[in-house]
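Inside the fold
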Amino acid sequence: IMDMIFLIDFLNNKNNLNCKLIIQGEGEAICLGELHKKVVELRLSEFVFFNNWFVDPLLNHEFYEKIDVFLVTSFWEGGPITALEAAAAGRLILGYDVGAMSDRFKHFQYIINQNFNELCESGLAIVKLNFKDRKTYLFTIREYYKINLSNAKKSERLSEIIIE
């Protein structure tokens with residue numbers, strides 16, 4: 001999560017943009033305290049928001065409606081399932097090469113980054129996409145999800161395997 005705060009610093013303080021970050025979910029008090037300190041230190045208080053509550057899975061769609069880009073903050077994770085949820089919601093995704101990210105999203109520019117510098121360059125490129133290119137990119141991610149990653153498609157493939 002700290003890298004995502006640094007990403008907002010890069011985008012806003014170094015590139016004069018106006019990006020916001022929502023840090024969603026309950027967390028350890030010590031960790032949240034360190035994140036708050038860094039936000040204040042970098043003068044990002046008007047751009048970084050802490051929503052310290054659990055999002056009911058039945059209301060995930062409401063969360064995804066509020067965001068433009070979903071940031072995968074993990075360095076170690078199996079899925080991440082949240083990236084699939086963001087793709088299903090038709091949101092841009094940005095993060096590191098963690099878990100199954102490469103298997104799922106290797107066809108897309110910007111999504112998978114190997115280090116912080118790549119993350120910053122991808123973030124800047126995504127933010128600077130013009131309206132038409134952004135909509136096309138979002139549509140492509142959403143369609144790719146429906147065709148390749150959705151539960152319906154997985155069930156269909158599993159049925160084919162079982163029948164063989």
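Okay, so let's go over this structure. (Residues numbered from 1 in each chain as written. Predicted model: local features only at pLDDT ≥ 70, side-chain atom pairs only at ≥ 80, totals over all residues. Heavy atoms only, no water.)

Some details on the packing of helix 4 (residues 81-88) against helix 7 (residues 131-149)
Two elements in contact, helix 4 and helix 7, have axes separated by 8 Å at closest approach and are oriented at 120 degrees. Packed against helix 4, whose contacting residues are Leu84, Ala87 and Ala88, the element helix 7 presents Ile141, Arg142, Tyr145 and Leu149 at the interface. (Axes fitted to C-alpha atoms, helices over the stretch in contact; angles between N-to-C directions. Helix = DSSP H or I, 4+ residues; strand = E, 2+ residues; numbered from the N terminus. Contact = heavy atoms within 4.5 Å.)

Description of a nonpolar patch on the surface
Taken together, the side chains of Leu158, Ile161 and Ile162 make up a nonpolar region of the molecular surface, amounting to roughly 340 Å² of accessible area. As for its position among the elements, Ile162 is in helix 8 (residues 151-163). (Patch = residues over 30% accessible without salt bridge, like charges linked within 9 Å, V, L, I, M, F, W, Y side chains within 5 Å. Areas by Shrake-Rupley, 256 points an atom, 1.4 Å probe, with all protein chains shown as cover. Salt bridge = Lys/Arg side-chain N within 4 Å of Asp/Glu carboxyl O.)

Here's the deal with the layout of surface pockets
What the largest pocket holds in volume is close to 1200 Å³. In terms of lining, the largest pocket is formed by 43 residues, of which the most central are Ile22, Gln24, Phe63, Phe70 and Leu71. The set of elements that each furnish at least two residues to the lining of the largest pocket consists of helix 1 (2-13), strand 1 (21-24), helix 2 (29-41), helix 3 (60-65), strand 3 (69-72), helix 4 and helix 6 (116-127). Class assignment for the residues of the lining of the largest pocket results in 26 nonpolar, nine polar and eight charged. (1 Å grid on protein atoms, 1.4 Å probe; cavity = no way out; pocket = protein on both sides within 12 Å on 5 of 7 lines; lining within 4 Å. Points joined across faces, edges and corners; volume = space filled by probe spheres on them. Nonpolar A, V, L, I, M, F, W, Y, C, P; charged D, E, K, R; others polar.)

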